[in-house]
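As a plain string of letters, each chain reads:
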Amino acid sequence: MPAAAAAPLISSVQKLVLYETRARYFLVGSNPAETKYRVLKIDRTEPKDLVIIDDKHVYTQQEVRELLGRLDLGNRTKIGQKGSSGLSRAVSAFGIVGFIRFLEGYYIVLITKRRKMADIGGHAIYKIEDTNMIYIPNDSVRVTHPDEARYLRIFQNVDLSSNFYFSYSYDLSHSLQYNLTVLRMPLEILKTETTQTRQESFDIFEDEGLSTQGGSGVFGICSKPYEKYVWNGKLLEAVKNTVHHDWLLYIIHGFCGQSKLLIYGRPIYVTLIARRSSKFAGTRFLKRGSNSEGDVANEVETEQILYDASVMSFSAGSYSSYVQVRGSVPLYWSQDISTMMPKPPITLDQADPFAHIAALHFDQMLQRFGSPIIILNLVKEREKRKHERILSEELVAAVTYLNQFLPPEHAIIYIPWDMAKYTKSKLCNVLDRLNVIAESVVKKTGFFVNRPDSYCNVLRPDEKWNELGGCVVSTGRLQTGVLRTNCVDCLDRTNTAQFMVGKCALAYQLYSLGLIDKPNLQFDTDAVRLFEELYEDHGDTLSLQYGGSQLVHRVKTYRKIAPWTQHSKDIMQTLSRYYSNAFSDADRQESINLFLGVFKPVEGKPHLWELPTDFYLHHKNTLSLSQTRRSYTYWWTTGVLKHLPLPFDEVTCAENRRKLTVKKFHKYEEEIDIHNEFFRPYELSSFDETFCLAMTNSTRDFMPKNVGIDPSPFTVRKPDETGKSVLGNKSNREETVLQRKTAASAPPPPSEEAVSSSSEDDSGTDKEDEGAVSQRSTPVKVTDAGDNTKITENVVQSTKDVYGVNLSDVPSEDDITIYARFVQLGQSQHKQDKSSQQFCSKHQLDRVINLIPISSFSQDNIYEVQPPRADRKSIEIFHAHIQAGKGNMQPLGKDDFLMYREYIRNRYL
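Named according to an unreviewed UniProt entry, the chain is FIG4 phosphoinositide 5-phosphatase originating from Gallus gallus. Note on the chain: under the UniProt heading Subcellular location (unreviewed entry), the record states "Endomembrane system".

In C-alpha cells:
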C-alpha cells in the first residue's frame, strides 16, 4: 500500500467471551489474532439500569489472563478455596447486537453463530446464524413483572438468523460508491480530521510512536452509518456514547448474495446487496404509503457490485456498482384488510395538496443519490373499477407540483407504464419494452466504476458509451441519480423491472472493465442466467419479508417460457401470501415495532397488544406539533441544489466530515491491513472458505457439460444445453454437488449393469468441477428407453470436440524433451534410482532443476534444491508484475501501443 493512503478501519473486536460473576459480567473482546483485547464491565446489581464501564485500554493476551485470574481468585466464596470457581465462562460470541429492556432489567443480545456470505475486496460480509439473549441482573435483585415473558416472546419473533448481515470492516449501510469516495478524500482534509480526532479521543495510547517512525502512515477511516438501513440502532443507543466504537456492530436486514463469473478463468464476483429500511418497516397490508417524515413502506435499496477478484485491494482493484430503489408510493394511503378481500380497496387517508410527504421523501433521495430521480410507476392505468389508478393520479399531481420549483435539468422524471396490461397482450413483449426503458434510465444515471475508461474502449468505441450519463471524474465514473421503481406491493412486477435495469447496467459494468467488446448482454447466456438466479433469490427473500410468500410472477413468467408446473406453484404462493396477510402479519408487525424501538414498554401505560393501531407510533406529528414548518416551494434541504447532480452526502464539506472518524496507523497495523484480515496467516485456513469455492460458479453450475469450442459465459445457449437443466431445481442442488464431487474422485463404473441400476438423479454427477477436465475419456451417455430402462454406451470424443483443437499425431522433439524432464523430476521426488540416472542426460536436467542428495542413506529422498537461474529480462518482467499488483503501473511505451493495436486489428477487425 502506498504511503499516506487511506483504508477502511477494521474492528479489533471480532471474538467475544462473556465471563460471569455474581455481581458482574465481564465481556472480553479480541481481534482474530488474539493479540489485542478490550474489556467491558457490566454491573449485575442494578435491577433496571444499565451500567457499563469501558476503560478504553488495549490489553495484551498476558494482561487479560492475569486480569481474569485475579477476578477468579477475588470472587471465590472462601479465600484460598480451590474447589469452586469465582469466575465462570458463560458464552462465546462474534458480536453484540444490542441491549434491550422491557419492564424488568436489561438483556444483552449476542451473535453466537455466523456464516460468510460474500466478499468485497477482501472485506467479509457475514450472515447471523444464531443469537443468544442473556438477562443481565442477577436473581437476588430481579424485580419480576407478569408481562415480561410476553414481551420477550414478541421480541424473539423477529428471527435474527433470517437475513441479517454485518461486517467488521465494510460499511453495509452505505453504497460502494460512498465507501470508496470517502477513501479518496484529499490528504490535507484527512490530516485535519486526524488532528481533531486525536484531540477528542479517549485512548491516550492510540497514536503513540507514529511520529518517531517516519511518515509512512496510513489513514484509517470509519464513517457514521446511514441510520435508515441500520436495524439495531435503537438497541445500541444506550451504549454508543460510552464504549469504544469497535464494540458497535451495525447490522442490516434484507438480502446478500454473491456468485462467481468465470471469464476464461478470470474470476469476476457479482454481488447483490439489498438494504431494507428500518423506518416505517412492517408487513404488506399493515404498512402502506408513507409516514409523516417521508419514509415509505417496503423501501429497499438494491446494489449490484462487480469486481475482479484477482486483485482485492480497493486502491489497485477494479470495482463497479449500480444502485436502484424500490418503495411504496409516497402518499398517505392504506388498505383495510378487515373485509377479508383478496384485493382490499385503496383509500387516501389524508389530503396533501402541497405534496408535503412526497417532498420529504424526494428530498431524502436527492441528498443520498443526487439527480435525476427517475420514477418508474408500474401500477395499472386502465381499470373497470378505479383501484390502482388512484395512486397514479395522486403521484402525477405530486411530481408535477414539486417539479415547478426545481431547475429543469434536475427535475424528477416520471415514467408510467402499465406492466399488467402489456403482460396480457399477446402482441407485446414485456421484457423488450422494459429493456428500452432500462437503456434510457442507465444512460441518464450512469454507474460507478473506480478506474478511468479502459484503452480497449478507446480502440473499440461504442455509440451507447458516449451517450452515458453520470459524472466522469479523474478516477473513474460516478452514478448520479437513481431509479425508483414501484407497483402496489413492490414485489413481483418491481423485481422483474429491477432485473431488466440491472441486466442493462451489468453490461455497461462489464464493458467498463474491458471484459466484453460491446455493452450488451443476451438472454440464455451463462452470465445472464447467473444474474437472473441472483435476482430471483433476492426477490423471493424480500417478498417473504414483506408479503409472507415467495414471488408469484418471475422473469420466466414474463418471458412466457415458464413450465406448466409453475402455474400450480403460483397458486400456492398466492394462497400462502393471503394466509400470511390475514392471520400472521399482525403478530409480525408487533415484533418489528418492538425490535426497532418504535414502541417502548412503560409501566402504567397500555401494552403493545392493547393498542388498537400503531398509526400514532409511526406518525410523530400526531403526538406533537412540529415547531418548524417546511416551505411549500423550497422543499429541499439547504445546500442540496448547489451540488447537484452529485449527491450531497458524498460532497466534501464540513457537515459530512463530522460523520467521519480518521486515525493514522502504521501501514502494517492490523486495524487497516486487509491482506492480514483476509488471509489470516496466524491460523489454519480452509481453501473452501477463504476462496469461496462453494460459491455459485458460472462454469460449474451454468456452462454445458460438453462446451466444445466456445466456453465464454456470453455465448447464447439452447435451453437443453445449460448446466441448470442437468442440476435440476434448487432443492436437490446441494445433493447433486455432493454427488459430483464423489464421482470426480471415484473410479470408473465396474460394469454397464451397475450404471443402469443407479438412480435417475445420478445422471448429472459427471459434471466437471470448476471446469476441470475429467480423467475419464469415455463419458457415459444415458438415454431413456420405452420400458424406462437406461441404456449406456461409451462414446470416445475427438480432441477437436473436447479441446477445440486438433492435436498432431507425433509430438515434436522439444515436447518429448520437456515431458522427459517432467517424468524424471517425478521419479527423483519419490525415489533416487542411480541406475536410471545413468541413462538420462544430465545436461538437460541441470537446465530445469538441480537436486543434490544431502542424506547419508541412499533410500532417503532429502535433497538440497538449487533453483534455476533467471535471466535479467525475466527478473524485470517479474518485478513489473509485482509492482502492478501494488497498483504502480509502468507507463506504456510506443512499442507497447503499436503491439496492442496490432493485436486488436488481427483479433477483431
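Let's pick the thread back up.
## Here's the deal with the pairing of strand 18 (residues 373-377)
The buried fraction of strand 18 is high, at five of five residues. Burial along strand 18 is two-sided: I373, I375 and N377 and I374 and L376, pointing in opposite directions, are all buried. Examined bridge by bridge, strand 18 and strand 19 (residues 413-416) share four bridges and lie parallel to one another. When the sheet's bridge partners are listed, I375 is paired in strand 19 with Y414. Handedness of the crossover is the feature at issue here: the chain leaves strand 18, passes through helix 6 (residues 389-403), returns alongside strand 19, and the resulting connection is right-handed.

## Here we look at the packing of aromatic side chains
If you walk through the whole model with that rule in mind, you get 31 aromatic pairs. Between the aromatic rings of Y269 and Y307, the centroid separation amounts to 5.5 Å while the plane-to-plane angle is 80°, which identifies the pairing as edge-to-face. With Y269 in strand 13 (residues 266-276) and Y307 in strand 14 (residues 300-308), the pair connects residues that are 38 residues apart, well separated along the chain. Judged by its relative accessible area of 8%, Y269 falls in the buried class. Residue Y307 is classed as buried on the basis of its relative accessible area, which comes to 1%. Taken together, F102, Y107, Y135, Y151, F155, F164, W231, F595, F599 and W609 form an aromatic cluster joined through their ring pairs. Here the guanidinium or amino end of R114 rests over the ring plane of Y126, the centre of that ring lying 4.5 Å away. Across from the ring centre of Y135, 4.0 Å away, lies the NZ or CZ of R142, which sits over that ring.

## Some words on the confidence of the model for the chain
Averaged over every residue, the pLDDT of the chain is 81; residues scoring 70 or more account for 77%. Of all secondary-structure elements in the chain, the lowest mean pLDDT belongs to helix 23 (residues 752-756), at 33, while strand 10 (residues 164-166) reaches the highest, 97. Across residues 197-215, where pLDDT falls below 50, the model places 18 contacts with residues more than four positions away in sequence or in other chains. Counted against residues more than four places away or in other chains, residues 831-846, with its pLDDT under 50, gives 13 contacts.

## Quick word on the environment of P32
Turning to its location among the elements, P32 is positioned in the loop between strand 3 (24-30) and strand 4 (37-43). Separated by 21 residues in the primary sequence, P32 and S11 have C-alpha atoms spaced 9.9 Å apart. Among all residues touching P32, those that are not within four sequence positions of it are Q14, K15, E677, R680, Y682 and E683.

## Regarding the pairing of strand 4
The element strand 4 is extensively covered by neighbouring structure, given that six of its seven residues are classed as buried. As defined by bridge partners, strand 3 adjoins strand 4 across seven bridges and the pair is classed as antiparallel. By the bridge assignment for strand 4, V28 is matched with V39. The turn joining strand 3 and strand 4, which pair antiparallel and follow one another in sequence, is formed by six residues; a positive phi near 60° is taken by E34. The pairing of strand 4 with strand 5 (residues 52-54) spans three bridges and is classified as antiparallel. Its bridge partner lying in strand 5, I42 is registered against I52.

## Some points on the pattern of salt bridges
Following the criterion strictly, the structure yields 36 salt bridges and no others. Between R44 and E20 there is a salt bridge whose closest N-O contact spans 3.1 Å. Residue R44 is found in the loop between strand 4 and strand 5, and its partner E20 is found in strand 2 (residues 15-20); the two are separated by 24 residues along the sequence. When salt bridges with common partners are traced through the structure, they connect R275, E301, E303 and R368 into a single cluster.

## Some remarks on the nonpolar core
Counting 55 residues, the largest nonpolar core has L434, V442, F499 and L510 as the members making the most contacts within it. Apart from residues lying up to four places away in sequence, F499 is in contact with F523, V528, F531, E532, Y535 and V555.

## Side note on the sheet that holds strand 6 (residues 88-93)
Read across the sheet, five strands follow the order 5-4-3-2-6 without closing on themselves; strand pairing throughout is antiparallel. Strand pairing shows two members of the sheet lacking a second neighbour, strand 5 and strand 6, which therefore form its edges. With direction set aside, neighbouring strand axes in the sheet form an average angle of 20°.

## Observations concerning the environment of L9
In this structure, L9 sits in the loop between strand 1 (6-8) and strand 2. With relative accessibility at 11%, the residue L9 sits in the buried group. C-alpha separation for the pair L9 and C222, spaced 213 residues apart in sequence, amounts to 5.6 Å. Ignoring anything within four residues of it in the chain, the contact list for L9 reads Y168, S169, G220, I221, C222, H245, T661, F665, E671 and I672.

About the criteria used
- Residues numbered from 1 in each chain as written.
- Predicted model: local features only at pLDDT ≥ 70, side-chain atom pairs only at ≥ 80, totals over all residues.
- Heavy atoms only, no water.
- UniProt positions renumbered as here; feature names shortened; annotations may be inferred.
- Buried < 20%, exposed > 50% of the residue type's maximum accessible area, 1.4 Å probe, protein only.
- Helix = DSSP H or I, 4+ residues; strand = E, 2+ residues; numbered from the N terminus.
- Pairing = 2+ DSSP bridges.
- Right-handed = clockwise from strand over helix to strand, strands pointing away.
- Phe/Tyr/Trp six-rings, centres within 6.5 Å; stacked < 30°, edge-to-face > 60°.
- Lys NZ or Arg CZ within 6 Å of the ring centre and 35° of its normal.
- pLDDT = per-residue confidence, 0-100.
- Contact = heavy atoms within 4.5 Å.
- Salt bridge = Lys/Arg side-chain N within 4 Å of Asp/Glu carboxyl O.
- Core = buried A, V, L, I, M, F, W, Y, C linked by side-chain atoms within 4.5 Å.
- Axes fitted to C-alpha atoms, helices over the stretch in contact; angles between N-to-C directions.

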